[in-house]
Amino acid sequence: HQGWEWIDAIKAISDKILQPTSDPLMNDVYPFLFHAFDSDIIDKPHLSPSEAARSWTKSRRKHGIIYTGHNWQKWEQILEILKTTDKNSDKIGPPLLTGWNWDKRPDWAIEKGIKGADLDSKLLKKLNVQTQQAIPFHKVIPHSRRGRICPIVHRPLFNKMGFVTNRTFETFCTDTIPLIMFNPTLAEYIYGPEASKLIPDSDIITHINNIIESPQYFWQAVIDIRKHLSLHHSFEHRFSELETILKN
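The rules behind the values
- Residues numbered from 1 in each chain as written.
- Predicted model: local features only at pLDDT ≥ 70, side-chain atom pairs only at ≥ 80, totals over all residues.
- Heavy atoms only, no water.
- Helix = DSSP H or I, 4+ residues; strand = E, 2+ residues; numbered from the N terminus.
- Buried < 20%, exposed > 50% of the residue type's maximum accessible area, 1.4 Å probe, protein only.
- Patch = residues over 30% accessible without salt bridge, like charges linked within 9 Å, V, L, I, M, F, W, Y side chains within 5 Å.
- Areas by Shrake-Rupley, 256 points an atom, 1.4 Å probe, with all protein chains shown as cover.
- Salt bridge = Lys/Arg side-chain N within 4 Å of Asp/Glu carboxyl O.
- 1 Å grid on protein atoms, 1.4 Å probe; cavity = no way out; pocket = protein on both sides within 12 Å on 5 of 7 lines; lining within 4 Å.
- Points joined across faces, edges and corners; volume = space filled by probe spheres on them.
- Nonpolar A, V, L, I, M, F, W, Y, C, P; charged D, E, K, R; others polar.
- Pairing = 2+ DSSP bridges.
- Lys, Arg positive; Asp, Glu negative; His and termini not counted.
- Polar contact = N/O pair within 3.5 Å; in protein donor to acceptor, adjacent residues only side chain to side chain.
- Contact = heavy atoms within 4.5 Å.
- Arc of directions from axis to C-beta.

A. Just unusual backbone geometry, in detail. Its identity as a non-glycine residue notwithstanding, F34 has a phi of 60 degrees, on the positive side. Within the secondary structure, F34 is located in the loop between β2 (29-31) and α2 (49-58). Residue class for F34 comes out partly exposed when judged on its relative accessible area of 41%.

B. Here's a closer look at a nonpolar patch on the surface. A contiguous nonpolar patch, built from I7, L25 and M26 and spanning about 250 Å² of accessible area, is present on the exposed surface. Summarising the element assignment, L25 is placed in the loop between β1 (17-19) and β2.

C. Structural view of empty space enclosed by the protein. Applying the stated criterion across every chain yields a total of one cavity of 30 Å³ or more. For the largest cavity, the full set of lining residues is Y67, T68, V140, S144, C150, P151, R167, E170, T171 and T174. Those elements that place two or more of their residues in the lining of the largest cavity are β3 (66-68), β6 (149-152) and α9 (166-170). Residue composition of the lining of the largest cavity, by class: four nonpolar, four polar and two charged.

D. The pairing of β6, seen in detail. Burial along β6 is two-sided: the residues I149 and P151 and C150 and I152 are all buried. The pairing of β6 with strand β7 (residues 177-180) spans four bridges and is classified as parallel. Its bridge partner being in β7, I152 is matched across the sheet by I180.

E. Structural detail: the side chain of R226. Take R226: it is sitting in helix α12 (residues 215-232). Here R226 sits buried without a salt bridge, and the closest side chain of opposite charge, D175, lies 5.4 Å off (N-O distance). At 3.1 Å, the side chain of R226 forms a polar contact with the backbone oxygen of T174. Apart from the residues within four sequence positions on either side, R226 is in contact with F37, I42, K44, P45, H46, F172, C173, T174 and W219.

F. Up close: helix α11 (residues 204-213). By the burial criterion, the buried members of α11 are I204, H207, I208 and I211. One side of α11 holds all its buried residues, which, seen down the axis, span an arc of 95 degrees. Summarising the contacts, the buried residues of α11 are in contact with α2, α3 (75-85), α4 (89-92), β6, β7 and α12.

G. Looking closely at the layout of surface pockets. For the largest pocket, the calculated volume is near 440 Å³. Together, 21 residues line the largest pocket, and T68, G69, H70, K74 and R167 are the ones closest to its centre. Elements supplying a minimum of two residues to the lining of the largest pocket: β3 and α9. For the lining of the largest pocket, the element with the most residues is α9, which contributes three residues. Here the lining of the largest pocket is built from residues that sort into nine nonpolar, eight polar and four charged.

Quick look at the structure:
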């Protein structure tokens, strides 16, 4: 379908259109992030950065980089991370990708020439990347315990439109150090001023080496961001926002 068909169909249903972005591209769309942060499901709610860093360092984790999510318009971003972190996988463990279409490019994508599910399985093997099929959504948080660092990536279209996803918030419930890989302005809007400490900019390898050498500094940022999310992006806060939109 063409874009205008979607817009006409949606406008025929309701006079209020909501999108999960802080800054909609269209004037008649309301910003509403849909997703939220639930502090009650934090895997290990450490009270201090020293405690978190000690637990993170001593825990037996098979993998370094761990990403859970389907391979749909994620390949280029994930590949950038894997290629730059290949040299320190000996220190922190091999990467693990969990979800559909990480083991090989699906036949339907090859047959129809669809690039959204691009993949180079030979390169993944060369980079010692391990893959696993999709898991139920309620297992994502405990599953993340198998790795140390968890990137947060958004699809190119979502980056363009400033969309957030469930994983934008859920990753901060895992017992990993997040790697924020989307628009820094949006990241600061969601996570507050401490977000910059978890953004690697263009030098990913140095950033990850710093995490390995000084985890307490980064766990302090994680704990501070959790507090910020609890205050500004709880489900209670979302329902209050939605009530205001409906009354407007």
